[in-house]
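So the chains spell out like this:
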Amino acid sequence: MTAAVFDHDGPWTEEEYLALGETSQRVELFDGSLHVTPAPTPRHQNISGELRAALRTPVRKAGLRVLEAVNVRLKPGRIPIPDLVITGEIDFDDPNIEARDVRLVCEIISPSNAATDKVLKMHYYAAAGIEWYLLVEQENGTLHLYRRQGRHYIEQSVTRMGEVLELIEPVQATVRPEDLVP
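Predicted, not measured: the structure shown is a model, and the values here were computed from it.

1. A short note on the sheet that holds strand β9 (residues 132-137)
Phase 1: Judged by pairing direction, the sheet is mixed, and its six strands sit side by side in the order β3-β6-β8-β9-β10-β11 without closing on themselves. One side of each edge strand has no neighbouring strand; the edge strands of this open sheet are β3 (65-68) and β11 (152-159). Each adjacent strand pair in this sheet contributes to an overall mean axis angle of 20 degrees, direction not counted.
Phase 2: Summarising the sheet, strand β6 (residues 84-87) and strand β8 (residues 102-109) pair through four bridges and their orientation is antiparallel. Directly across from L84, in β8, lies its bridge partner C106.
Phase 3: With respect to the sheet, helix α3 (residues 42-61) is in contact with β3, β6, β8 and β9, its orientation differing from that of β3 by roughly 170 degrees.
Phase 4: The sheet contacts of helix α4 (residues 114-127) involve β8, β9, β10 (143-149) and β11, and relative to β8 the element is tilted by about 170 degrees.

Okay, here's the thing in structure tokens:
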């Protein structure tokens, strides 16, 4: 992949991006530019796995899916890889999940790219019409739940250690920060 990235001239098309294939890094496409980050830390992955486990049963009961680290096409040429998504029915063989099929998107904030999750991706997800956005702080497990209002998100709740996040949409579920953080 390295040679393909550094030898590339001009903006990246979606087809060129998808031709890179699977990598050990997270490579996202934002309007013709690649955003590359190293593989997540074990702490990050533990939080992601525990959150997916906590949501699995309620999501299935609602007839939905919960997936980690998949391509989400927000619009042509804009494909981030959220840490977790709750979706409706999708084509499991398509390399991208369409934003219209995503009910909730989650990012686990990494200290090295907090601005990307709190500003850039938050804006892009809202503009794409994804109704719910969940941000998780790695250090302390604090959960920030946002709901879309127009092209922006409004914070609905902040859940800290010792408290419980009671989701009612897009699924009914409870999440405890202490169950997520190692």
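Once you've had a look at it, read on.
2. Considering the pairing of β6
Phase 1: Residues L84 and I86 of β6 are buried on one face, and the alternating residues V85 and T87, pointing to the opposite face, are buried as well.
Phase 2: Of the pairings in the sheet, the one linking β3 to β6 comprises four bridges and is antiparallel in character. Each bridged residue has a counterpart across the sheet, and for L67 the counterpart in β6 is V85.

So, how was this worked out
Numbers given to residues run from 1 along each chain, matching the order in which its sequence is written. Under the rules for a predicted model, residues below a pLDDT of 70 receive no local features and side-chain atom pairs below 80 are neither given nor counted, while totals for whole chains, interfaces and linings still include all residues. Only heavy atoms go into the side-chain values, all of them from the structure, while hydrogens and water stay out. Note on pairing: DSSP must find at least two bridges between two strands before they are called paired. Numbering of helices and strands runs from the N terminus, with a helix taken as a DSSP run of H or I at least four residues long and a strand as a DSSP run of E at least two residues long. Here the axes come from fitting lines to C-alpha atoms, over the contacting stretch only for helices, and the angles between their N-to-C directions go from 0 to 180 degrees. Whether two residues touch is decided by their heavy atoms; if any such pair falls within 4.5 Å, the residues are in contact. Between buried and exposed lies partly exposed: a residue is buried under 20% and exposed over 50% of the maximum accessible area for its type, with that area taken using a 1.4 Å probe on protein chains only.

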